[in-house]
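Here's the letter readout for the chains.
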Amino acid sequence: NGAGCLAKRRLRELRCFQEEKLRREIQVHHWAATTIAAGWRGKRGRDMSSRARIAKLEKWKAMWSKEENRPFYYNQLSGEMRWRKPQALLDLEPRPVCSN
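Predicted model, so just to flag it, every value in this text is computed and none were measured.

A.B. asks: Help me out: how do you make sense of the side chain of serine 65 in this one?
C.D. replies: Along the polypeptide, serine 65 turns up in strand β1 (residues 60–65). Within polar-contact distance, the side chain of serine 65 engages the backbone nitrogen of glutamate 68 at 3.2 Å. When neighbours within four sequence positions are excluded, serine 65 is seen to be in contact with Arg70, Phe72 and Trp83.

Below, the structure is given as structure tokens:
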């Protein structure tokens, strides 16, 4: 009878061990899937941002006026010309970092 009790206890311990092992494995799979998905979403976001940036750059072209001896900007899609740099190009320039 004592051997049967020990066997039951051992079986219970093995079940608990297997359940814990399965729980850890599920957690690792969930973590891996979440990490991979987050990385993929980040890459897609960076790619979309890069395409939008290139599209803005391609829209405006900086040119030089010999009469005025200064640059002007030409919109290749609408034919619009400006002396001041368009906001679309200003948005693409790196912003200075304030050290206050």
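That covers the picture; the talk isn't over yet.
A.B. asks: Would you explain the side chain of asparagine 75 in this entry?
C.D. replies: Topologically, asparagine 75 is positioned in strand β2 (residues 70–75). With relative accessibility at 6%, the residue asparagine 75 sits in the buried group. Setting aside anything within four residues of it in sequence, one finds asparagine 75 in contact with Lys59, Trp60 and Glu80.

What counts, and where the lines are drawn
- Residues numbered from 1 in each chain as written.
- Predicted model: local features only at pLDDT ≥ 70, side-chain atom pairs only at ≥ 80, totals over all residues.
- Heavy atoms only, no water.
- Helix = DSSP H or I, 4+ residues; strand = E, 2+ residues; numbered from the N terminus.
- Polar contact = N/O pair within 3.5 Å; in protein donor to acceptor, adjacent residues only side chain to side chain.
- Contact = heavy atoms within 4.5 Å.
- Buried < 20%, exposed > 50% of the residue type's maximum accessible area, 1.4 Å probe, protein only.

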